[in-house]
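Here is what each chain is made of, one letter per residue.
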Amino acid sequence: MMNTKNALYYGIFFLVLTVLPFFLTSNWISVMTTFLIYSVVSLSQDIVLGRAGMFDMGHAIFFGLGAYSTAILNMVYGWPIVATIPVAIILPIIASILLAAPIIHLRGDYLLVTTIGFNIVFTQALKNNVFGITGGPNGIFGVEPLKIFSITFASQKSIYFLALFILLLTLAIIHNLETSKPGRALHYLNLDSLASECIGINTRFYRLYAFALSAAIAGLAGVVFTLQFSAVSPGAFNFIQSVLFFTIVLVGGPSSIPGVLLGTFFMFVVPEMFRQFAEARYLVFGVAMILIMIWRPKGIWPVKFGRIPNYITKE
Amino acid sequence: MALLELDNVTKIFGGLVAVDSLSISIEKGMIYGIIGPNGAGKTTVFNCITGVYKPEKGKIIFKGKDITGLSPHKIANMGITRTFQTIRLFGEMSVAENIMSGRHSKSRQKWWHGIIHTPFYYKDEKENWLKVREYMELFGLTHLARMTAGSQPYGIQRKIEMARALATEPELLILDEPAAGLNDKERLELLETIRKIRGMGITILLIEHNMDLVMNITEYISVLNFGKKIAEGKPEEIQNNPVVIEAYLGKEDEDEF
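Thresholds, definitions, all that
All residue numbers here refer to positions counted from 1 along the written sequence of the relevant chain. Chains and ligands are labelled by the order in which they are written, letters from A for the one and numbers from 1 for the other. Per-residue local features are limited, in this predicted model, to residues with pLDDT of at least 70; the limit for side-chain atom pairs, both in listing and counting, is 80 or more; totals at the level of whole chains, interfaces and linings are taken over all residues. Helical segments are the DSSP runs of H or I of at least four residues, strand segments are the runs of E of at least two, and each set is numbered from the N terminus. Each radius of gyration is computed over the set of C-alpha atoms, and the globule rule expresses the reference value as 2.2 Å times the number of residues to the power 0.38. Residues with at least 20 other C-beta atoms within 10 Å of their own are called buried, those with 12 or fewer are called exposed, and the rest are partly exposed. The C-beta atoms themselves are positioned from the backbone. Note on contacts: residues are paired as contacts if their backbone-placed C-beta atoms lie within 7 Å. Here, any two strands with at least 2 DSSP bridges between them count as paired. Axis lines are fitted through C-alpha atoms, for helices just across the contact stretch, and the angle between N-to-C directions can take any value from 0 to 180 degrees. Small angles under 35 degrees read as roughly parallel and large ones over 145 as roughly antiparallel, with 65 to 115 read as roughly perpendicular and the rest as oblique. For any pair of crossing helices, the crossing counts as left-handed if the nearer helix is rotated counterclockwise from the farther one by less than a right angle, and right-handed if it is rotated clockwise. In this classification, the charged set is Asp, Glu, Lys and Arg, the nonpolar set is Ala, Val, Leu, Ile, Met, Phe, Trp, Tyr, Cys and Pro, and all remaining amino acids, among them Gly, are polar. Structurally, a nonpolar core is described as a collection of buried Ala, Val, Leu, Ile, Met, Phe, Trp, Tyr and Cys residues joined by way of C-beta atoms within 7 Å. These domain boundaries are the output of an automatic or database domain assignment. The predictor's confidence in any single residue is recorded as pLDDT, a number from 0 to 100. Here, expected helix span is obtained from the residue count minus one, scaled by 1.5 Å.

Some thoughts on the overall build of chain A
Within chain A, the regular secondary structure consists of 12 helices and four strands. On C-alpha atoms alone, chain A measures out to a radius of gyration of 19 Å, which is about the 20 Å that the 2.2 N^0.38 rule sets for 315 residues. In terms of overall dimensions, chain A has a C-alpha envelope of 60 × 45 × 45 Å along the principal axes. For chain A, buried positions account for 47% of its 315 residues. Here the analysis covers contacts within chain A between residues at least 6 apart in sequence; of these, 78% occur between residues at least 24 apart.

Description of the overall build of chain B
For chain B, the helix and strand inventory stands at 10 helices and 10 strands. Radius of gyration (C-alpha) of chain B: 20 Å, near the 18 Å computed for a compact globule of 257 residues. For the C-alpha atoms alone, the extent of chain B along its principal axes is close to 70 × 40 × 35 Å. A buried classification covers 44% of the 257 residues belonging to chain B.

What to know about the sheet that holds strand E2 (residues 16-26) of chain B
Backbone hydrogen bonds hold the strands of a sheet together, and the pairing may be parallel or antiparallel. All names here are of chain B. Judged by pairing direction, the sheet is antiparallel, and its four strands sit side by side in the order E2-E1-E4-E5 without closing on themselves. Only two strands of the sheet have a single partner each, and these edge strands are E2 and strand E5 (65-66). In terms of strand pairing, strand E1 (residues 4-13) meets E2 through seven bridges, oriented antiparallel. When the bridges of E2 are listed, glutamate 5 appears paired with serine 25. Against the sheet, helix H1 (residues 42-49) engages E1, E2 and strand E4 (57-62), with an angle of about 65° to E2.

Some words on the packing of helix H10 (residues 239-252) of chain A against helix H11 (residues 257-273) of chain A
Residue and element names in this part refer to chain A. H11 packs onto H10 with a crossing angle of 120° between their chain directions and a minimal axis gap of 7 Å. In this view, H10 runs oblique relative to H11, as classed from their interaxial angle. In this structure, the crossing between H10 and H11 has a hand that is right-handed. Residue-level inspection shows Leu244, Thr247, Ile248, Val249, Val251 and Gly252 of H10 in contact with H11, the latter providing Gly259, Val260, Leu262, Gly263, Thr264, Phe266 and Met267. Class assignment for the residues of the contact of H10 with H11 results in eight nonpolar, five polar and no charged.

Examining the nonpolar core
Grouped together as the largest cluster of nonpolar side chains are 148 residues, with contacts concentrated most on Ile37, Ala163, Ala210 and Ala221 of chain A together with Ile99, Ala163 and Ile204 of chain B. Sort the elements by how many residues they give to this core and helix H9 (residues 203-229) of chain A lands first, with 16 residues. Lining this core are residues from two domains, each supplying at least three of them: domain 1 (1-79 + 170-257) and domain 2 (88-169) of chain B. The residues contacting isoleucine 37 of chain A, other than those within four sequence positions of it, are Ala163, Ala221, Val224, Phe225 and Gln228 of chain A.

Focus: the pairing of strand E9 (residues 220-225) of chain B
Residues and elements named next belong to chain B. Of all six residues making up E9, five are buried, and the element is well covered by its neighbours. Two elements, strand E3 (residues 31-35) and E9, share four bridges in a ladder whose sense is parallel. Its bridge partner lying in E9, glycine 33 is registered against isoleucine 221. Note that E9 and strand E10 (residues 228-233) share five bridges and pair antiparallel. Bridge pairing links serine 222 to glutamate 232 in E10. Counted between consecutive antiparallel strands, the loop separating E9 from E10 contains two residues, among which phenylalanine 226 sits at a positive phi close to 50°.

Digging into the interface of chain B and chain A
Each side of the interface is counted separately: chain B has 39 residues, and chain A has 28 residues. Among the elements of the structure, helix H2 (72-78), strand E6 (80-82), helix H3 (95-101) and helix H4 (119-138) of chain B are those that each provide at least two residues to the side of chain B that touches chain A. For the side of chain B that touches chain A, the element with the highest residue contribution is H4 of chain B, accounting for five residues. Grouping the constituent residues of the side of chain B that touches chain A by class yields 15 nonpolar, 17 polar and seven charged.

Details of the domain arrangement of chain B
Residues and elements named next belong to chain B. What the domain assignment lists for chain B is domain 1 (1-79 + 170-257) and domain 2 (88-169). Contacts between the two partners involve 10 residues from domain 1, matched on the other side by nine residues from domain 2. Every element with two or more residues in the side of domain 1 that touches domain 2 is listed here: H2 and helix H6 (184-199). Of the residues forming the side of domain 1 that touches domain 2, the biggest block, three residues, is contributed by H6. Split by residue class, the side of domain 1 that touches domain 2 holds six nonpolar, three polar and one charged.

Quick notes on the packing of helix H2 (residues 26-51) of chain A against H10 of chain A
Residue and element names in this part refer to chain A. Contact geometry for H2 and H10: axes closest at 9 Å, N-to-C directions at 70°. Put simply, H2 runs roughly perpendicular to H10. Between H2 and H10, the contacting residues are Val41, Ser42, Gln45, Asp46, Leu49 and Gly50 on the first element and Phe245, Phe246, Ile248 and Val249 on the second. Of the residues belonging to the contact of H2 with H10, the class tally is six nonpolar, three polar and one charged.

A look at the sheet that holds E6 of chain B
Residue and element names in this part refer to chain B. Spatially, the six strands line up as an open sheet ordered E6-E7-E8-E3-E9-E10, and their pairing is mixed. At either end of the open sheet lies a strand with only one pairing partner, and these are E6 and E10. Geometrically, the sheet is characterised by an average inter-axis angle of 20° between neighbouring strands, direction not taken into account. Contacts from H1 reach E3, E6, strand E7 (172-176), strand E8 (203-207) and E9, with the element oriented near 150° to E7.

A few points about the confidence of the model for chain B
Residue and element names in this part refer to chain B. For chain B, per-residue confidence averages 91 on the pLDDT scale, and residues scoring 70 or more make up 96% of the total. Within chain B, no element has a lower average pLDDT than helix H10 (residues 252-255), which sits at 51, and none a higher one than H3, at 97. For this predicted complex, the interface confidence reaches an ipTM of 0.92, while the overall pTM sits at 0.93.

Notes on the confidence of the model for chain A
The pLDDT averaged across chain A works out to 92; a share of 99% of its residues lies at or above 70. For chain A, the element scoring lowest by mean pLDDT is helix H12 (residues 280-295) of chain A, at 81; H9 of chain A scores highest, at 97.

A look at H11 of chain A
Taking 1.5 Å as the rise per residue, H11 of chain A with 17 residues should run 24 Å; its terminal C-alpha atoms sit 23 Å apart, in good agreement. On the buried face of H11 of chain A, the contacting elements are H2, helix H6 (156-178) and H10 of chain A.

Some words on H9 of chain A
Residue and element names in this part refer to chain A. With 27 residues, H9 extends 39 Å between its outermost C-alpha atoms, agreeing within 8% with the 39 Å of an ideal straight helix rising 1.5 Å per residue. Of all 27 residues that make up H9, 23 are buried, and the element is covered over most of its length. Just downstream of H9, serine 230 is the residue with a positive phi angle, here 50°.

Quick word on unusual backbone geometry
With phi around 70°, serine 255 of chain A is a residue other than glycine that occupies positive phi space. As for its placement among the helices and strands, serine 255 of chain A is situated in the loop between H10 and H11. Although it is not a glycine, lysine 63 of chain B adopts a positive phi angle of roughly 50°. Among the secondary structure elements, lysine 63 of chain B is positioned in the loop between E4 and E5.

Rendered as structure tokens:
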């Protein structure tokens, strides 16, 4: 049901991202690769925070679980990277359901604090080298590149395109989500939980569904993140990172795909552009965040509802 | 067998008995009214039936099945849908999306259709949107399909909420003060709509303060006061029942002073 105008915009967006690495320095390809990965994580955070309206400030847990699954299975158990991918998706799903099930009924602010707690426990576990497999505070180095058949994703550009592919896949999933019964159910229960229950929506099931789906996508993003640096470390998945993903969604525009992409660009790429200003850039950045929230409380690019097929309004 | 039966239902909040051993029986196809002064416990009864509250005592039987204490979505899926006294729409979403929410339980899409669209998805999605179109036409909302529900005038919002409830294809439709805030013209329209809904074979249970409307449309009435049923019967019987008049207006001899 995507209209031609949107299809055109997305076409241009991907065309630009496809030719971009051929004009960038190695340093900037790296920044843009991380941008693509963070976009995927932010879009997954948006499923829980924007669409289902649950204050999850521990999303880095699922991103980190995916990243560490790949690194540990590869480095400690010698699995090829391809084989680690299903685990890096399924493990975050299981973790998200186990973590969310007992707290899902909590109101926004209580859920927020609980998820922060989980995130802190998670990074502490990684730092303390639980089961002797997480590599402690330094993490794990020297993860092998991804090999599919005879293709090896070792070069910087190949990983960039891998990340671009994952972003494309995520956008396809989210497009399918927002035009389906489960996706609409998330908006309904977010806007009025009681009214949703009274028309037959199992709000508990769909809240867990939102967590599981978003954890799966974040886990997959984690795999690419590990591949980009051939390494993982606890600092990349701490509570502050969760705050970043949370803020990206709110600043960009909850439930809005272009909003979340713009939010990621604004919150991650823009600070990189002003690197020469060192710490001063964060002052400007912080002020900009405040102003956006005051002037555009629904984000830079707010969501537009009314995704309905044309044939229902025609005679 | 009655479609819905309440058997000695009691709901207590703290020390307050909001509903006191209430028994009512609603036959299939009828328009049943519950009336009573403010605070008589009418909405609490609705909340007990729809699973929002769990009654302390008593049983609620729907189509021969005990539904007491089931969660609201299960009760809704069994065929009981309600509207709210204070309208509860998904305000930021479009009118059509609001009505589509009523199709949730009838749509047979599974969780994976939120990730992958199969041929079945397209078929199911189209079927349900066409149903939405039907309900929009029924309520004359088609031209507002893309508009934000929350920015519509009050009367229209009431219609949207009723269309949403109907879209679930309920067997029992519960209306909590459907005429509240409507002008005379809208009230007449509402009467017509309620009759139309009954014509579809849907049983209706309603709470209403507007006596004209209640007396005009219901076939059977229960009167509540302080959580207790003080009278029941046909509208004309209720109108002349001294106990009911007393509950509404106070004792006649008091008025003379």
